[in-house]
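Residue-level structure breakdown
One-letter residues, chain by chain:
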Amino acid sequence: MKKIYLAAVAGNLGMLSTGQYIGWASPSLPLLIMKDNDDPKSSVSLTLEEASWVISLLTLGGITGCVSCIFMVNIFGRKKTMLFTIVPTIISWLLIAFATSAWELYVSRFVGGLSLGIAYSATPMYLGEISPADIRGKLSSMLTVAVKLGILIEFVIGPFLSMRNLAFVSLVAPCLFVIAFIWLPESPYYLMRCDAKQKAINCLVQLRGKEDVDKEADNIEQFVKTDLANKANFRELIFVPGNRRALITLMCLGIFQQSSGSQAVMQYAETIFNQINSNLEGKYLTIILGVVQLIFAIISMTITDRYGRKPLLIISSIGSACSTAMIATYFHLQYYRVDTNNITWLPAIGAVTYIVMYAIGLAGIPFTLASELFPMNVKAIGTTTTILITNVTAFIVTKLYPSLSEMTGTHTSFWLFTACSIISALFTFFYIFETKGKTLEQIQQKLHSLSK
């Protein structure tokens, strides 16, 4: 069983690089939006509007990457699609390293978004399809841990390096990903889809570390044949009741995940902390935030298969609502010129608490469910559609957050985040069913029975 964990770790090195894209903005923004270019760490000077485009174009590129992934995962396979992300990743970091204008940063972030969109679509498929049912939640949640580790790396080293050197250091992770992942097998489900049963059996032997995999291989073969007997198109995704329920579940979770405030807190963390007049510099508070985020992402990974997806999602949503309400309260008082000198700790505590609550459910469980809910015939289009909607929501949040905060106050944005988290808790309680411990076949049976 050790081999399956090693495969998951190697596969998630690509997601670590994705986390670095997300984390890059927080330490870089304070340098990029400086009024002058005297700071040697900043080779480009941006307006607030230009900076918002630099941030949001990552998710816009992610949308394009998602659409591309629909075709790539079924034509080239999960493994080759994941390996392809190295190309836009390297191009993106090199463009950042040598950027001298806003437009070069725009292009670099969009290209990086291509990698992000493909990785977020293909990696959950791969992890879900190589994992046994009893540890699938743990291995799928590892994706979130990898992303959070990438964010933390940028938070820790970003404030102390020039933009160019930070980009060069960030190139290490994608290179390690290729070296580690290229030796791993393809998904057994994809190999069965390609009518390569012996290769699928060899793959299972390699992943499980045992020879007796015939029963599992037969189950996978039957599952894939049954699914592929159905058409693989968008109509099948929308009009088959079980597929539609899976799509609604994941689309809504993707929207709630992004509209709970995760993009604002992560991308603008240092900028937010610099507004609270704390004795501790924003960059150090951001590093603390990144450490807390990583710790609780690891905790979430270990408890997902023990306590289940649904309870953790509900706790995470309610906790996120309470946390963003704390931040909103502080900025609300500040906006109306109430003395806040005695409660400068409130937004910092709120941000850290938000990261804790977000990490134990909303951050990773939607990707775990994405690897579980869709049948084989619509898995590519279904997963990609949900990641597409998630990226659209992320783009809207990252683009509008600075403008909305400047026009109506930071508190307005965080009250909206609070409302979205409350709706997320209600949706999870009334609509989502538990998938803990169920095989992919059992999950499909449950989906279709609920949709009758």
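Every value quoted in this text rests on a predicted model; they were computed, and no experiment measured them.

Description of the domain arrangement of the protein
For the protein, the assigned domains read domain 1 (1–184) and domain 2 (236–451). Domain 1 puts 53 residues into the contact, and the matching count from domain 2 is 50 residues. Taking both partners together, domain 1 and domain 2 bury about 4400 Å²; carbon and sulfur atoms supply 69% of that area. It is Arg-136, Lys-148 and Phe-155 in domain 1 that bury the most area against domain 2; as a group they hold 14% of the surface buried on that side. Along the contact surface separating domain 1 from domain 2 lie two salt bridges. Note that Glu-49 and Lys-399 form a salt bridge whose closest N and O atoms lie 3.0 Å from each other. In this structure, the connection of domain 1 to domain 2 is made through three residue pairs in polar contact (both at pLDDT 80 or more). Listed by contribution, the elements that provide at least two residues to the side of domain 1 that touches domain 2 are α1 (2–32), α2 (48–75), α5 (102–130) and α6 (136–157). No other element matches α2, which puts 17 residues into the side of domain 1 that touches domain 2. Looking at the side of domain 1 that touches domain 2 residue by residue, the classes come out as 32 nonpolar, 13 polar and eight charged.

With respect to the confidence of the model for the protein
The predicted model of the protein has a mean per-residue pLDDT of 84, with 92% of residues at 70 or higher. Here helix α14 (residues 269–274) is the element of the protein with the lowest mean pLDDT, 63, and helix α20 (residues 410–431) is the one with the highest, 94. Confidence over residues 35–39 falls short of pLDDT 50; this stretch has eight contacts with residues more than four positions distant or in other chains.

Brief notes about empty space enclosed by the protein
Rolling a probe over the atoms, with the probe sized like a water molecule, indicates the empty space that remains. This model, assessed by the stated rule, comprises five cavities of 30 Å³ or more. Computed from the structure, the largest cavity encloses a volume of approximately 280 Å³. Every residue lining the largest cavity is counted, 23 residues in all, and those nearest its centre are Ile-22, Tyr-120, Gln-257, Gln-258 and Gln-263. Among the elements that take part in the lining of the largest cavity, helix α13 (residues 241–267) stands out by supplying six residues, more than any other. Taken together, the residues of the lining of the largest cavity break down into 13 nonpolar, nine polar and one charged. Two domains each provide a minimum of three residues to the lining of the largest cavity, namely domain 1 (1–184) and domain 2 (236–451). When its volume is computed, the second largest cavity comes out at roughly 70 Å³. What lines the second largest cavity is Leu-250, Gly-254, Gln-257, Pro-366, Phe-367, Ala-370, Thr-386, Ile-387 and Thr-390. Those elements giving two or more residues to the lining of the second largest cavity turn out to be α13, α18 (365–370) and α19 (379–408).

Calculation rules
- Residues numbered from 1 in each chain as written.
- Predicted model: local features only at pLDDT ≥ 70, side-chain atom pairs only at ≥ 80, totals over all residues.
- Heavy atoms only, no water.
- Domains from an automatic or database assignment.
- Contact = heavy atoms within 4.5 Å.
- Buried area = accessible area lost by both parts, 1.4 Å probe.
- Salt bridge = Lys/Arg side-chain N within 4 Å of Asp/Glu carboxyl O.
- Polar contact = N/O pair within 3.5 Å; in protein donor to acceptor, adjacent residues only side chain to side chain.
- Helix = DSSP H or I, 4+ residues; strand = E, 2+ residues; numbered from the N terminus.
- Nonpolar A, V, L, I, M, F, W, Y, C, P; charged D, E, K, R; others polar.
- pLDDT = per-residue confidence, 0-100.
- 1 Å grid on protein atoms, 1.4 Å probe; cavity = no way out; pocket = protein on both sides within 12 Å on 5 of 7 lines; lining within 4 Å.
- Points joined across faces, edges and corners; volume = space filled by probe spheres on them.

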